[in-house]
Amino acid sequence: MSCSSNSPTHERRRLLLALLAMPLAALATPEPMAGLRRWGSGEFRRLGLLIYEATLWAGDNPLQPPLALRLDYHRSIRGAAIVEASVKEMRKLGSDEAELERWTAQMKALFPDVVAGDSITGHYRPDGAVFLHNGRGIGEIADAGFARRFFGIWLDTGTSAPELRAALLRRPGDGR
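Not measured: the values here are computed from a predicted model.

Asker: Can you walk me through the sheet that holds strand S4 (residues 119-125) in this structure?
Answerer: Within the open sheet, the 6 strands sit side by side as S1-S2-S3-S4-S5-S6. Their pairing is antiparallel. Strands with a single pairing partner mark the edges of an open sheet, and in this sheet they are strand S1 (37-46) and strand S6 (136-141). Neighbouring strand axes in the sheet, compared pairwise and without regard to direction, differ in orientation by 20° on average. Sitting on the sheet, helix H5 (residues 144-155) is in contact with strand S2 (49-58), strand S3 (67-73), S4, strand S5 (128-133) and S6, with an inclination near 60° to S5.

Take a look at the structure:
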């Protein structure tokens, strides 16, 4: 019995060989801190409880993309609660309801539940944001307006956590 070039077995072999031939770099998660330097870090607390530690990586201007913000969680939090808190903060920073509705759906599809020890890293690019959970890519929102408002939660002058903002924006080596 001969194997024709269009048989399912032959097609599976071709697919397997094509996957094996792909460069490993194409399968790797992008490194959001590449080309950036570590700026400041600080803690976010609610009712005295440590929720997460935040660390900022940026170029010369920590308020402009590209930059990366990593949150290292100390509590278990549902992804839906992360989205809800993000929307609340983005609303305070002036996002309109139509934007928030669209972004809420995108964030719900993206943000996982986290447990103590997990991290979420957001990479703010000029065209949007890419997110990683424990170093593995979980998706992106390709919308510059979203990225500006989302990272504004921590970096905007109107943030609800001004002490954390100050800690994140502390220049490397600045003893203040």
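On we go from here.
Asker: Is there a simple way to think about unusual backbone geometry in this case?
Answerer: For residues besides glycine, phi is generally negative; the peptide bonds are generally trans as well. Residue Pro 66 follows Pro 65 across a cis peptide bond; omega there is 5°. Take Pro 66: it is sitting in the loop between S2 and S3. The backbone of Leu 47 shows a phi angle near 50°, a positive value even though the residue is not glycine. Along the chain, Leu 47 falls in the loop between S1 and S2.

Asker: How should the packing of aromatic side chains be read in this particular structure?
Answerer: In this description, an aromatic ring pair is defined by two values, namely the gap between the centres and the angle between the planes. Following the criterion strictly, the structure yields 11 aromatic pairs and no others. For the pair Trp 103 and Phe 146, a centre-to-centre distance of 5.6 Å together with 75° between the ring planes defines the contact as edge-to-face. Of this pair, Trp 103 sits in helix H4 (residues 97-110) while Phe 146 sits in helix H5, and the two are 43 residues apart along the sequence. The residues Trp 103 and Phe 146 share a single accessibility class, namely buried. Seen in terms of ring centroids, Tyr 124 and Phe 151 are 4.9 Å apart; in terms of plane orientation they differ by 10°. Their pairing is stacked. A residue pair is termed long-range when its members are at least 10 positions apart, and Tyr 124 in strand S4 and Phe 151 in helix H5 qualify at 27 residues. Judged by its relative accessible area of 9%, Tyr 124 is buried. In this structure Phe 151 comes out as buried when scored by relative accessible area, which is 2%. Grouped by ring-pair contacts, the aromatic residues Trp 103, Phe 111, Tyr 124, Phe 131, Phe 146, Phe 150, Phe 151 and Trp 154 constitute a single cluster.

Asker: So what exactly am I meant to see when it comes to the pattern of salt bridges here?
Answerer: As a working rule, side chains carrying opposite charge can pair if their charged atoms are close by. Summed over the entire model, instances satisfying the criterion amount to 8 salt bridges. Note that Asp 143 and Arg 102 form a salt bridge whose closest N and O atoms lie 3.5 Å from each other. Residue Asp 143 is found in the loop between S6 and H5, and its partner Arg 102 is found in helix H4; the two are separated by 41 residues along the sequence. With relative accessibility at 43%, the residue Arg 102 sits in the partly exposed group.

Asker: Please clarify how the side chain of Glu 89 should be interpreted in this entry.
Answerer: Counting through the fold element by element, Glu 89 comes out in helix H3 (residues 79-92). In contact with Glu 89, other than residues within four places in its own chain, are Ile 153 and Ser 160.

Asker: Honestly, the environment of Arg 75 in this entry has me stumped. Any pointers?
Answerer: For Arg 75, the position within the fold is in the loop between S3 and H3. For Arg 75 and Asp 118, which are 43 residues apart along the polypeptide, the C-alpha to C-alpha distance reads 8.9 Å. Residue contacts for Arg 75: discarding those within four places in its chain leaves Leu 49, Leu 50, Ile 51, Val 114, Val 115 and Ala 116.

Rules behind the numbers
- Residues numbered from 1 in each chain as written.
- Predicted model: local features only at pLDDT ≥ 70, side-chain atom pairs only at ≥ 80, totals over all residues.
- Heavy atoms only, no water.
- Pairing = 2+ DSSP bridges.
- Helix = DSSP H or I, 4+ residues; strand = E, 2+ residues; numbered from the N terminus.
- Axes fitted to C-alpha atoms, helices over the stretch in contact; angles between N-to-C directions.
- Contact = heavy atoms within 4.5 Å.
- Phe/Tyr/Trp six-rings, centres within 6.5 Å; stacked < 30°, edge-to-face > 60°.
- Buried < 20%, exposed > 50% of the residue type's maximum accessible area, 1.4 Å probe, protein only.
- Salt bridge = Lys/Arg side-chain N within 4 Å of Asp/Glu carboxyl O.

Taken by themselves, the reported measurements are silent on function.
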